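Structural overview
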Amino acid sequence: MKPESPAPSPSPRRDPRSGASRPGNSRFPRSHSTSTGPARRRLRALARAVAVTVLAPLALVVLPAGAAHAASPEATFAKASDWGSGFTGQYTVRNQGTGTLTGWKVEFDLPAGTTIGSYWDALQSGSGSGGHYVFTNREYNGTLAPGASTTFGFLGAGPGTPTGCKLNGNPCTGPATPDTTAPSTPTNLRVSAAGSSSLTLAWTASTDNDRVTGYDVYVDGVARAGTADPGATLTGLTPDTAYRIKVRAKDASGNVSPFTPELIGTTTTGGGNPPAGSVRSVPYIDITAPTPTLTDVAAATGQKLFTLAFVLGSNSGCDPKWGGTIALDEPRILNQIAALRAQGGDIVVAFGGAAGPYLEASCGSADALAAAYTKVIDTLGAKHLDIDIEASIPLDTMNKALAKVQRDRPATTVSFTLMVQGDDYGLTPALGVDLLKNARDNGVRVDIVNPMAMEFGTSRPVWGDAVIAAAESTLRQMKEIWPAKSDAELRGMLAVTPMIGRNFNGKIFVQSDATKLVSWANTNHIGRLAFWSVGRDNGSCPGGGVSATCSSISQSPYEFTNLFKGFTG
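Every residue gets a number counted from 1 within its own chain, in the order that chain's sequence is written. Local features in a predicted model are, by the rule used here, given only for residues with pLDDT of at least 70; side-chain atom pairs are given and counted only at 80 or more, and totals for whole chains, interfaces and linings are based on all residues. Excluded from the side-chain calculations are hydrogens and water; all other atoms, namely the structure's heavy atoms, are used.

1. A short note on the pairing of strand E22 (residues 346–352)
Spelled out, the test is: Note on classification: 1.4 Å probe, protein chains only; a residue is buried when its accessible area is under 20% of the maximum for its type, exposed when over 50%, partly exposed between these limits. Each helix is a run of H or I in the DSSP string that is no shorter than four residues. Each strand is a run of E no shorter than two, and both are numbered from the N terminus. Two strands qualify as a pair provided DSSP detects at least 2 bridges between them.
Within E22, seven of the seven residues are buried, leaving the element largely enclosed by the surrounding structure. In the sheet, strand E20 (residues 305–314) pairs with E22 via five bridges, with the strands oriented parallel. When the sheet's bridge partners are listed, Thr307 is paired in E22 with Val348. As paired strands, E22 and strand E23 (residues 384–389) are joined by four bridges and run parallel to one another. Each bridged residue has a counterpart across the sheet, and for Gly352 the counterpart in E23 is Asp388.

See the structure below:
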């Protein structure tokens, strides 16, 4: 798959993690576009203005998704404006049935010489090859109550008009053929992780003649959870107790599959929250640097779990190496990991970061990338993978590979570390929200969403407040991506990673910010805290510029490491 092309960004900044250039983040999301030239942008803006003037706004009524009979929804087309060589087109999708419509797909054909450029309020599937275009709903306009409607639009180049329109596989106007085909039964239902009060489930996704919209999870014969993903976490369970679990799939028309065979899942004996410095607090450390070592930090602080940065592709391509140059089985690194584990510690392995070459872009297929991830797992004995994406990569390839790894190695956890657009916005659109949706749709069990709370725009005077606001905005985005998950489940999936000390945007994350963040994290019971980086956690250069080896503020050695150990979940 061709990698997504990122929208233009401000001039790059230097990142202290590698000395490499890192793209800046605008505070405002960008619309999808296949053309970024000035004339095209002006034309798009004019077309939007005309569309607003000509077409009255429509109120979108959104209700919780439920079973829906595909009874006569329709999609109608209108040209909001037409200047001969092009036009602004708009489709109105209206639910004329008696049940809730839980998703829509509009497809149509354009004659030769007419193409589509920019579009809005929908997602395009495919490239429009042969003049056939397919658009599906966004996360905010796919659920339509009876009588409700929504619109999406696009800029057309050429004189043509859409023909052969279909809505969810049926003619866009007129009686629809009811969909009575049920999805296939989910397979390979399993417990991927067990706690004293929780069970994390995974299964192989179902298929459907239209599309699978979600799954129902039953526990001891009672509906317990609903999820859009092939996986769920059951919470509030009793320690050392066996539960009978089964799952079924459902589609947009309310058809449901047969249940899976019952699975017996057993919780572990109670033990309470993990202690400070455990899996909850996982600061990043540049393992390619000779100092500090894992064991030195553990001896000085008691911190025994670290995120090791970064595994990249190498000059030979799809061959994982530390920093792109150091062998995975480098004795200096393996010996540190072994010594740390002997003390009861463990590691998270981070891929990507601010510099390339990304392993995810170096491997030519999902199978090759999955094999590379597995090589890392086997060489290091790793169970936790952290995917840090700060540049355009083939999302489908990456997420299909991660899903395969989790199918083959169910105990493998996956966290995504992603750039923040702004404290009141959350993650960036293409390399944040869209990446997570792609992971969801490809069957990845996303265990942790980790916003990089650094180098983003804010109007808040206290940087620690901006970091927390960015995390809360990310939570709101996660709710749109996984609407069936409870607020507690989503908070348990959230991590936060600030950059301690001086940031490139002039902001400074100080000790009081860390104390405030740890308190907020404990109150909200989020999944993880981290920071960049242990190698900077010292006060050897107070008042200086941004450095890869110190925080540039006055502090004691490993002060932030000790402060973050106060996070217990």
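2. Comments concerning the packing of helix H6 (residues 395–408) against helix H7 (residues 429–441)
Stated formally: Note on definitions: angles span 0 to 180 degrees between N-to-C directions of axes, and those axes are lines fitted to C-alpha atoms, for helices only across the stretch in contact. For classification purposes, an angle smaller than 35 degrees is called roughly parallel, one larger than 145 roughly antiparallel, one from 65 to 115 roughly perpendicular, and anything else oblique. Each helix crossing is assigned a hand: it is left-handed if the near helix lies turned anticlockwise from the far helix by less than a right angle, otherwise right-handed if that turn is clockwise. The contact criterion used throughout is that any non-hydrogen atoms of two residues lie within 4.5 Å. In this classification, Asp, Glu, Lys and Arg are treated as charged, Ala, Val, Leu, Ile, Met, Phe, Trp, Tyr, Cys and Pro as nonpolar, and every other residue, Gly included, as polar.
For the pair H6 and H7, the least separation of the axes is 10 Å and the interaxial angle reads 45 degrees. The angle between H6 and H7 places the two elements in the oblique class. For the element pair H6 and H7, the recorded crossing hand is right-handed. Mapping the contact onto sequence places Leu395, Asp396, Met398 and Asn399 in H6 and Ala430, Asp434, Leu435, Asn438 and Ala439 in H7. Residue composition of the contact of H6 with H7, by class: five nonpolar, two polar and two charged.

3. Description of the sheet that holds strand E17 (residues 242–251)
Ordered in space as E15-E14-E17-E18, the four strands form an open sheet in which the pairing is antiparallel. Looking along the sheet, the strands with just one partner apiece sit at the ends: strand E15 (222–227) and strand E18 (263–266). Averaged over all pairs of adjacent strands, the angle between strand axes in this sheet comes to 35 degrees, irrespective of strand direction. One ladder, built from seven bridges, connects strand E14 (residues 212–219) with E17; its direction is antiparallel. Counterpart to Gly214 in the pairing with E17 is Lys250.

Just geometry here; none of it tells us what the structure is for.
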